[in-house]
Amino acid sequence: MSPGVGRAGRGLRRLGLLALALLASLLAVELGARLLVPPPRSHGGLLELDGDLGFRGVPGTRLERRDERGAFEVVLGSEGFRGRQPAPGPGPSRRVLFLGDSFLVGDGVRDEELLPTRVERALAVRSEPVESYNLSTLDIGTGQQLLLLERYGERIAPDAVVLVMYPANDVVNDTLELAGRTRVSAGDPIRP
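Since we're looking at a predicted model, the values are computed, not measured.

Enquirer: So what's going on with the nonpolar core? Residues and values would help.
Expert: Nonpolar side chains in soluble globular proteins tend to be buried together. Counting residues in hydrophobic clusters, the biggest one holds 10 residues: Leu 53, Phe 81, Leu 97, Leu 99, Tyr 133, Leu 135, Ile 140, Leu 148, Tyr 152 and Ile 156. If you list the elements that add at least two residues to this core, you get strand S6 (94-100), strand S7 (130-136) and helix H4 (142-156). Here the element with the most residues in this core is H4; it accounts for 3 residues. Dropping the residues within four chain positions of it, Leu 148 is found in contact with Leu 53, Phe 81, Leu 99, Leu 135, Ile 140 and Gly 153.

Enquirer: Now, about the pattern of salt bridges: what can you tell me, with residues and values included?
Expert: Pairs can form between side chains of opposite charge once their charged atoms are near each other. According to the stated counting rule, one finds 14 salt bridges in the structure shown. Arg 69 is paired through a salt bridge with Glu 113; the nearest N and O atoms lie 2.9 Å apart. With Arg 69 in the loop between strand S4 (62-67) and strand S5 (70-75) and Glu 113 in the loop between helix H2 (102-105) and helix H3 (115-125), this residue pair connects regions lying 44 residues apart in the sequence. Classification of Glu 113 as partly exposed rests on a relative accessible area of 31%. A network of salt bridges, in which partner residues are shared, links Asp 50, Asp 52 and Arg 151.

Enquirer: How would you summarise the environment of Gly 106 if you had to cite specific residues and measurements?
Expert: Along the polypeptide, Gly 106 turns up in the loop between H2 and H3. Sequence separation between Gly 106 and Leu 138 is 32 residues, and the spatial gap between their C-alpha atoms is 8.9 Å. Not counting the four nearest positions on each side in its chain, Gly 106 is found in contact with Arg 82 and Leu 114.

Enquirer: I'd like to hear about the sheet that holds strand S8 (residues 160-163), residue by residue, with values.
Expert: The strand order across the open sheet built from 3 strands is S7-S6-S8, with neighbouring strands paired in parallel fashion. The sheet terminates laterally at S7 and S8, the two strands that pair on one side only. The sheet shows a mean angle of 20 degrees between the axes of neighbouring strands, direction not considered. Sheet analysis places S6 next to S7, joined by 7 bridges and oriented parallel. Within the sheet, the bridge partner assigned to Arg 95 lies in S7 and is Glu 131. Lying on the sheet, H3 is in contact with S6 and S7; it crosses S7 at an angle near 170 degrees. Packing against the sheet, H4 makes contact with S6, S7 and S8, and its axis sits at approximately 160 degrees to S6.

Enquirer: Summarise the packing of aromatic side chains; cite the residues concerned and give the values.
Expert: For the coordinates displayed, the defined rule picks out 2 aromatic pairs. Judged by centre distance (5.5 Å) and plane angle (85 degrees), the ring pair of Phe 81 and Tyr 152 falls under edge-to-face. You can see Phe 81 sitting in the loop between S5 and S6 and its partner Tyr 152 sitting in helix H4, a full 71 residues away along the chain. Geometrically, the ring pair formed by Phe 103 and Tyr 166 is tilted, given 4.7 Å between the ring centres and 40 degrees between the ring planes. Here Phe 103, found in helix H2, pairs with Tyr 166, found in the loop between S8 and helix H5 (167-173); they are 63 residues apart in sequence, far enough to count as distant. In this structure, Arg 84 packs its charged tip against the face of Tyr 133, placed 5.6 Å from the ring centre.

The rules behind each value
- Residues numbered from 1 in each chain as written.
- Predicted model: local features only at pLDDT ≥ 70, side-chain atom pairs only at ≥ 80, totals over all residues.
- Heavy atoms only, no water.
- Core = buried A, V, L, I, M, F, W, Y, C linked by side-chain atoms within 4.5 Å.
- Buried < 20%, exposed > 50% of the residue type's maximum accessible area, 1.4 Å probe, protein only.
- Helix = DSSP H or I, 4+ residues; strand = E, 2+ residues; numbered from the N terminus.
- Contact = heavy atoms within 4.5 Å.
- Salt bridge = Lys/Arg side-chain N within 4 Å of Asp/Glu carboxyl O.
- Pairing = 2+ DSSP bridges.
- Axes fitted to C-alpha atoms, helices over the stretch in contact; angles between N-to-C directions.
- Phe/Tyr/Trp six-rings, centres within 6.5 Å; stacked < 30°, edge-to-face > 60°.
- Lys NZ or Arg CZ within 6 Å of the ring centre and 35° of its normal.

Remember that the coordinates give geometry; whether it matters functionally is a separate question.
This is the structure in structure tokens:
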């Protein structure tokens with residue numbers, strides 16, 4: 001074997017070891033970041049990344065708000081939604097599932113003023129008891145709402161689904177050509 005071939009072989013081996021060490025270092029940093037660094041959140045900490053939806057409400061979030069009657073608390077439950085959390089169905093009463101964005105999340109209003117709560121209360125007065133489920137998230141588009149329906153629909157087994165749309169941003173949320181062209185849809189870059 002000539003002396004040049006031996007050096008070339010050692011150089012390739014060193015390069016391979018260097019690449020392996022670099023890969024191992026990157027994997028260690030990635031693992032450390034996943035274990036030690038909290039996931040990025042947006043909208044004042046109300047949203048976190050979700051692999052299927054792009055983002056979702058942060059489960060367990062508690063916010064204090066004020067209105068003319070004083071302080072009240074806004075709570076996102078175990079699944080990241082306000083109000084009743086998705087439960088196995090069907091139950092003893094009919095179920096209505098609401099899908100929407102910030103208008104249904106209603107982080108500036110009390111629980112009793114939310115549309116799903118008001119519909120539930122109005123139907124109970126008419127002796128038509130229902131359980132309402134509010135699967136709404138800030139800045140979510142109708143494509144993501146369809147994914148929410150696929151994720152939770154079978155578990156809730158709704159008798160009716162109500163889609164609440166806000167034309168100023170829902171059309172933009174669902175159109176790649178318009179994505180990012182409005183100030184009210186900060187989540188456009190991470191939608192599925």
